Structures are given as structure tokens and as C-alpha cells.
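Chain by chain, the residues run as shown.
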Amino acid sequence: MQTNRRLILASRPTGIPGPENFNIDVREALLPDSGEVLLETICLSIDPAMRSWMRDGTGYQQGIPLGEVMRGGGIARILSSRAEGFSVGDLVQARLGWQTHPTLAARFLHKLDLNIGAVQDWIGPLGLSAVTAYFGLRHIGAMRPNDRVLVSAAAGGVGQMAVQIARIEGCRVAAIAGGQEKCAFVLNELGAEAVIDYKAESDLSAAIGRACPDGVDLYFDNVGGPTLDASLEHLRKEARVVLCGRISQTHSAQPYGIRNLARLSSVHGRMQAFLVFNYHERYDEARTWLAARLRDGSLQQKLHVLDGLEQAPVGLGMLFRGENTGKLVIRLSDWS
Ligand SMILES: NC(=O)c1ccc[n+]([C@@H]2O[C@H](COP(=O)([O-])OP(=O)(O)OC[C@H]3O[C@@H](n4cnc5c(N)ncnc54)[C@H](OP(=O)(O)O)[C@@H]3O)[C@@H](O)[C@H]2O)c1
């Protein structure tokens, strides 16, 4: 009999979440019913949005009730199947939850095509962070060659993909990241033309001005708050601002009031938020593009890997302290 270790949401965090908000529960894994499969989790994606799911009530998704397994997506191997079209050994992507051996209905699974990428690719450069950057830049940001693009949280999961996609599409990319090591990564490995270490700058707007002397056509915002405000000051005519995330505001008692909105009027610009899940019917389009760039070597994704289910809450906290470089992933079993 297979056991299933699960991380249960035990309390709602008031600040940065951590292990203290979870209990471990060990129970027998459920045998699959008709139309279901028993899975072994290989890896879990850790995303800032999970912090909002730990709240009570509704955000863009319903909060997770206390006492339930933590929600989260990842990749798993089928151990036993009672679902047509799904065989033992198949690899699938699904909302697995933070557990080692979930039993799920097959209709919620997406089978991985290993011809276009290995497991690490499907959680990395073909995963949802990459797909987010793709639709954010191309669809919401209407990116064009030669655009001057600025990306914040540029060394993170979404940010590193946004920098590279924009560069591959012929844009001039400047980036914002925290600390020397991340800035070197963005400049030397991702190919940004300029980088700003916001943690070392007392005047962020001036620093953006130096990094983007001709201004910004497209700002891909992962951070919100004062970083968004400072970026607005540098918008060029008909600039686009893509509101991907606002991680700097997650734990602030008072939301930061944006002061430079008038700049959007002056430049006839626009600012739009989006949610990657709304593009689910078009994920294949993004993945076809990303897989081709992965094959020709123009795209890479750095993974920040932690081993073991118990590391999932630790990893979630790391996102809000800027302790990850690259896409944060929890590895539960061998993915080679
Ligand atoms: N719209 C969508 O559908 C969608 C989908 C996925 C993700 N997102 C959003 O995209 C953003 C990036 O997500 P990710 O998964 O790729 O995470 P990530 O960038 O890998 O990790 C978060 C990074 O944010 C930066 N950060 C944390 N606190 C900050 C603060 N107070 N001020 C400035 N920067 C801070 C840190 O980088 P530094 O050390 O460089 O500061 C940290 O490493 C998040 O805002 C997330 O909510 C949106």
C-alpha cells in the first residue's frame, strides 16, 4: 500500500508564509476509481500567487479552507490507472496539491509531450511562468521589434523568460533585479543590455533613466508599488505597461498609491493586467514557440531547486524575501 504525505494548511499567515502555517499528514493513498489515476509527484511549482490562496475568502481564486491540502501545480508520474488513455509511467501536469501521491480524475490531467521537452523543461521554459511571459509580452504588451522593454523581478521565474523572449524578438531589454549576483545573471546569461540593482539605488527613477536613456515602450511589471511608479516616468509615446504581478505589495498594510498615472495620458499609453489562466486554450501556441527556441539554444531557464515536500513552505517564503534566482521548484522524486 502506498502512503501519501500531504502538507495541510493549518493557519493563515499574517506576513511571509512558512513551515509554521502547515501540518504534515500521512495517510494511505487512495486507490483510483473509474476514470481516475494514482500519481507520484515528481515536482511542484512554487508561485507568489499561492500566498493569496492562503487568505480567507476570495481573491482571483477561492481561499483554501484550513485543514485542506495546499493547492499547487506540478508534474507527476502515473503509478496506477483506471482511466482510458492514461497508462502507468505516463508523465502528466496537473493541479496536484502539495502531496506526494494524489489520486485525481484523469480529466484534470495534461499529458506531457516528451518530444518537445524533458520534465525540467515542462516545469521551466515550457511551464506556466514562461507561458505567462509569452502572453504578457506578445498579447497584452503588443511587443514589437526594436521596442525598448523594461522587466522587473528579472531574475525570477517569469522575469527571466520575459527578458529572453523580448531579446529574441529583437527588443532592447533593460532589467531590474535585487543584488549583484542576480544582476550579473540577467546581464551575462539572459542577455539584457542594461540592469538596475534596485536594492543599491536610492533614486530608482534616476537609475531607470540611466539604463533606458531613450525611455520605455513596454514595461513588464512583476513588482508593482514604487517600482511601477518610477517606471511610469520613463514611458515613451504609446507605451504599454503589462501588469503581470505586484509582489512588492503582498504584505503591505496600505496599498502603495501610484502617483505617475498622468504620464500614461501624456504619452497616450495604456496599462493592462492579465491572468495567464485566461489563455489556457492557447497554451500550445506559446509552447510551440518556446520549444523551438529551446531547441535552437536561444532560450534557457534557470531553476532554483529545493528537494523534498517539506521544503515547499520554505520555498514559498523565499519568493517574498528575494532568495530565489530563477524559477523555484520543489523536487520530490527523480526527474531524469
Ligand atoms: N499574471 C499572471 O498570470 C501571473 C502568473 C505567474 C506569476 N505572476 C506574477 O509574476 C511575478 C513573478 O512571479 P514568479 O513566479 O516569477 O516569482 P519570482 O520572480 O521567481 O520570485 C519573486 C521575486 O520577486 C522579487 N521580489 C520579492 N519581493 C519584492 C519586493 N518587495 N520588491 C521588489 N521585488 C520583490 C524577488 O526578486 P528580487 O530579488 O530581484 O527583488 C523575488 O525573487 C509575481 O508578481 C507573480 O505574482 C503573474
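Sequence positions are assigned chain by chain, starting from 1 and proceeding in written order. Only residues with pLDDT of 70 or above have their local features reported here, since the model is predicted, and side-chain atom pairs are shown and tallied only from 80 upward, although totals for entire chains, interfaces and linings are computed over all residues.

**Student:** Quick question: what am I supposed to make of the pairing of strand 11 (residues 216–221) here?
**Tutor:** The two faces of a sheet get side chains in turn, since along a regular strand they alternate between them. Judged by how many residues are buried, strand 11 sits mostly within the fold: 6 of 6 residues are covered. Strands were regarded as paired on the criterion that DSSP finds at least two bridges between them. We count a stretch as a helix when DSSP gives it H or I for four or more residues in a row; a strand needs E for two or more, and each element gets its number in order from the N terminus. Of the strand pairs in this sheet, strand 8 (residues 148–151) and strand 11 are connected by 3 bridges, and their pairing is parallel. By the bridge assignment, L150 is partnered in strand 11 with Y219. Here strand 11 pairs with strand 12 (residues 235–243) via 5 bridges, running parallel. The residue bridging V216 from the neighbouring strand is L235, located in strand 12. Residues are called buried when their C-beta atom has 20 or more other C-beta atoms within 10 Å, exposed when it has 12 or fewer, and partly exposed otherwise; all C-beta atoms are positioned from the backbone.

**Student:** Which parts of the structure should I look at to understand the packing of helix 3 (residues 128–140) against helix 9 (residues 283–295)?
**Tutor:** Think of two packed helices as two axes; the pair is described by the angle between the axes and how far apart they sit. Note on geometry: axes are lines fitted to C-alpha atoms, helical ones only across the stretch in contact, with angles between N-to-C directions running from 0 to 180 degrees. Axis separation between helix 3 and helix 9 bottoms out at 10 Å; the angle between their running directions is 100 degrees. By the angle between their directions, the pair helix 3 and helix 9 is classed as roughly perpendicular. The segment helix 3 lies against helix 9, with A130, V131, Y134 and F135 engaging Y283, A286, W289 and L290. Think of it as three bins: nonpolar holds Ala, Val, Leu, Ile, Met, Phe, Trp, Tyr, Cys and Pro, charged holds Asp, Glu, Lys and Arg, and polar takes everything else, Gly as well. Counted by class, the contact of helix 3 with helix 9 contains 8 nonpolar, no polar and no charged residues. For classification purposes, angles smaller than 35 degrees are called roughly parallel, those larger than 145 roughly antiparallel, those between 65 and 115 roughly perpendicular, and all remaining angles oblique. Note on contacts: each residue gets a C-beta atom placed from the backbone, and two residues are in contact if those atoms are within 7 Å.

**Student:** Explain the nonpolar core to me, please; I cannot follow it from the model alone.
**Tutor:** Generally speaking, soluble globular proteins have nonpolar side chains that are buried together. Think of a nonpolar core as buried Ala, Val, Leu, Ile, Met, Phe, Trp, Tyr and Cys residues chained together by C-beta atoms that fall within 7 Å. Counting residues in each nonpolar core, the largest one holds 95 residues, and the members touching the most others are A154, A162, V163, A175 and V186. In terms of residue count, helix 3 provides more of this core than any other element does, 8 residues in total. In this structure, this core is formed jointly by two domains, domain 1 (3–124 + 302–331) and domain 2 (128–277), each of which donates at least three residues. Either an automatic procedure or a domain database provided the assignment from which the domain bounds are taken.

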